[in-house]
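Architecture at a glance
What follows is each chain in one-letter form.
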Amino acid sequence: MSASRIIRLPPLPSIRDLIKLYKLRAMKELSQNFLMEPRLISRIVRSAGSVKDCEVCEVGPGPGNITRSIIQNMPSRVLVIEKDKRFTPSLELLAESSPVPLELIFGDVMSFNLEQMFNEDNKMEWEDKCPQIHLIGNLPFNVSTPLIIRWLKAISERKSAWRYGRVRMTLTFQKEVAERMAAPIMTRERCRLSIMCQNWCQVEHKFNIPGRAFIPKPNVDVGVVRLTPLKKPIIDLPFDIIEKVVRSVFSFRQKHCIRGVETLFPKPVREQLSSELLTAAAIEPSTRPFQLTVSEFGRISEAYMSICKEKPDYMKYNYRGQKSDDNWPLIEINNLDSSENIISINEY
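Residues numbered from 1 in each chain as written. Predicted model: local features only at pLDDT ≥ 70, side-chain atom pairs only at ≥ 80, totals over all residues. Heavy atoms only, no water.

**Some thoughts on the sheet that holds strand E4 (residues 102-106)**
- Strand order in the open sheet formed by seven strands is E4-E3-E2-E5-E6-E9-E7, with mixed pairing between adjacent strands. Here the strands that pair on one side only, and so sit at the sheet edges, are E4 and strand E7 (201-209). Within the sheet, the average angular offset between the axes of one strand and its neighbour, ignoring direction, is 20°.
- Across four bridges, the pairing between strand E5 (residues 133-137) and strand E6 (residues 168-174) is parallel. Opposite Gly 137, over in E6, you have Leu 171 as the bridge partner.
- Contacts between helix H5 (residues 141-157) and the sheet are confined to strand E2 (55-59), E5, E6, E7 and strand E9 (222-229), with E6 contributing the most and set at about 150° to the helix. (Pairing = 2+ DSSP bridges. Helix = DSSP H or I, 4+ residues; strand = E, 2+ residues; numbered from the N terminus. Axes fitted to C-alpha atoms, helices over the stretch in contact; angles between N-to-C directions. Contact = heavy atoms within 4.5 Å.)

Dropping the structure here:
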C-alpha cells in the first residue's frame, strides 16, 4: 500500500507489550482471543473494502490491534464498543495518539443501540449505494451468532445502524459458523443460519485464520465474513415469521421437510395442514431441509401465513413449548425476546 493511502501512527508500544504491561490476560469466560499477526489483521480490514473517509464502528476491540489497522486506512471517524474495561488504558493511549477522531464506548454490544451513533450526513436511502459506514469486529465466539441474528432482525426492520442505510459488516466467526452462513443448498453445512443470513444479506466468506494466530490458541479456526444487506430480501415477510418457519423446518434437518413443517401445527390438524401447506408452496414433502432454496422457504412461509390468516390461533402455536396439545390454543405467542427463542438463537 502506498504512503498516500495509509496513515502512519506515532510510535506506540506494541500490542504484545501493552498486554504484558497491563497484564491483559484473555478471559475464557468472555471467549476472548487476541489476534497478534499484523498481516492477518490488515487483511480483515481490507476485507471490508475501502474505509477511507468512512465512519467505522469496531465491536470488541480488546487492546486495539485491529483498531490500529482501521486508523491507518484513513477513516473519517472511528468508534469502538468494548465491554471489558481492563482495556481502557490501551484504548485511551490509542485515542490520544490517533490522527483521526477515536471515540471509546464501554458497553455490551448485545444490548447496545446503534441508532444515533453515526453522522446524519452519511445516511442513505435503502435502495441507494451503501453508506460510508462500516461495522468491523473480531467477535468473541459466545457472542457472534446471537449478535448476527439480532442484527439481521434490525436489518429487516431498518433500525439501529441500518437506519442509516445498508451498512456493511465485516466480522469473525468460528470457521464452521462462517461456512454455515455462506453454505449453498445440498451441502452438509446448510442450516437455519444459512437461510437467515442469505435472505437479508449478500454473504461473502472472505478467508480463514488458523487458530494458532490467536493468543490463547482456540481449538477452532476462524472465518472472516463480510455481509452486505440486500436492497430487497428474498423473502419479504416479517422476521419472526421467517425465523419460526425456518427453525421448524430445520428442527429435523436430515428428515423429509414435512416432518419439520408438521411442528408448525397442533396435533389435531397437523397432518392435514402440513400437507396442504406444502401443496400450496409447490414443495415435495420428501425434500430435505438442506435441499431447499431461500425462495422455496419463502413459498413455505407465504403458505403458512395464508393458513394463519384463516385461523390466527395457529400463529400462536409453539411446538417446542408444548408438553401436550390438550390445552392448545391457550399458549403465549412466540416472539424473538422470549426465552424459547433465545435458546433457538443460540442453537443456530
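**Topic: the confidence of the model for the protein**
- With 84% of its residues at a pLDDT of 70 or more, the protein has an overall mean of 88.
- In this model, residues 330-346 is a region of pLDDT below 50 whose contacts with residues beyond four sequence positions or in other chains number 37 contacts. (pLDDT = per-residue confidence, 0-100.)

**With respect to the packing of helix H2 (residues 38-47) against helix H3 (residues 65-72)**
- The geometry of H2 relative to H3 is characterised by a closest axis approach of 9 Å and an angle of 55° between their N-to-C directions. Looking at the two axes, H2 sits oblique to H3. Judged by the twist between their axes, the crossing of H2 over H3 is right-handed. Between H2 and H3, the residues in contact are Ile 41, Ser 42, Ile 44 and Val 45 and Asn 65, Ile 66, Ser 69 and Ile 70, respectively.
- Split by residue class, the contact of H2 with H3 holds five nonpolar, three polar and no charged. (Parallel < 35°, antiparallel > 145°, perpendicular 65-115°, else oblique. Left-handed = near helix turned anticlockwise from the far one by under 90°. Nonpolar A, V, L, I, M, F, W, Y, C, P; charged D, E, K, R; others polar.)

**Looking at the packing of aromatic side chains**
- Evaluated as defined, the whole model comprises six aromatic pairs.
- With a centroid separation of 6.0 Å and 85° between ring planes, the pair formed by Phe 265 and Tyr 314 is classed as edge-to-face. Of this pair, Phe 265 sits in the loop between helix H9 (257-262) and helix H10 (267-280) while Tyr 314 sits in the loop between helix H11 (294-310) and helix H12 (339-346), placing them 49 residues apart in sequence. Across the pair, exposure class does not vary: Phe 265 and Tyr 314 are buried alike.
- Taken together, the ring pairs in this structure connect Phe 265, Tyr 304 and Tyr 314 into an aromatic cluster.
- Positioned above the aromatic ring of Tyr 164, the side-chain terminus of Arg 163 is 4.5 Å from the ring centre.
- Stacked on the ring of Phe 252, the Lys or Arg Arg 259 has its end atom at 4.2 Å from the ring centre. (Phe/Tyr/Trp six-rings, centres within 6.5 Å; stacked < 30°, edge-to-face > 60°. Buried < 20%, exposed > 50% of the residue type's maximum accessible area, 1.4 Å probe, protein only. Lys NZ or Arg CZ within 6 Å of the ring centre and 35° of its normal.)

**Digging into the pattern of salt bridges**
- On inspection of all chains with the given rule, the structure shows 18 salt bridges.
- Put simply, Glu 157 and Lys 159 hold a salt bridge, and the shortest N to O gap is 3.7 Å.
- By relative accessible area, which is 45% here, Lys 159 ends up partly exposed.
- Salt-bridge contacts for Asp 313 lead to Lys 316; the nearest nitrogen and oxygen are separated by 3.4 Å.
- For Asp 313, a relative accessible area of 23% gives the class partly exposed.
- Salt bridges linked by common partners bring Lys 153, Glu 157, Lys 159 and Asp 240 together as one network. (Salt bridge = Lys/Arg side-chain N within 4 Å of Asp/Glu carboxyl O.)

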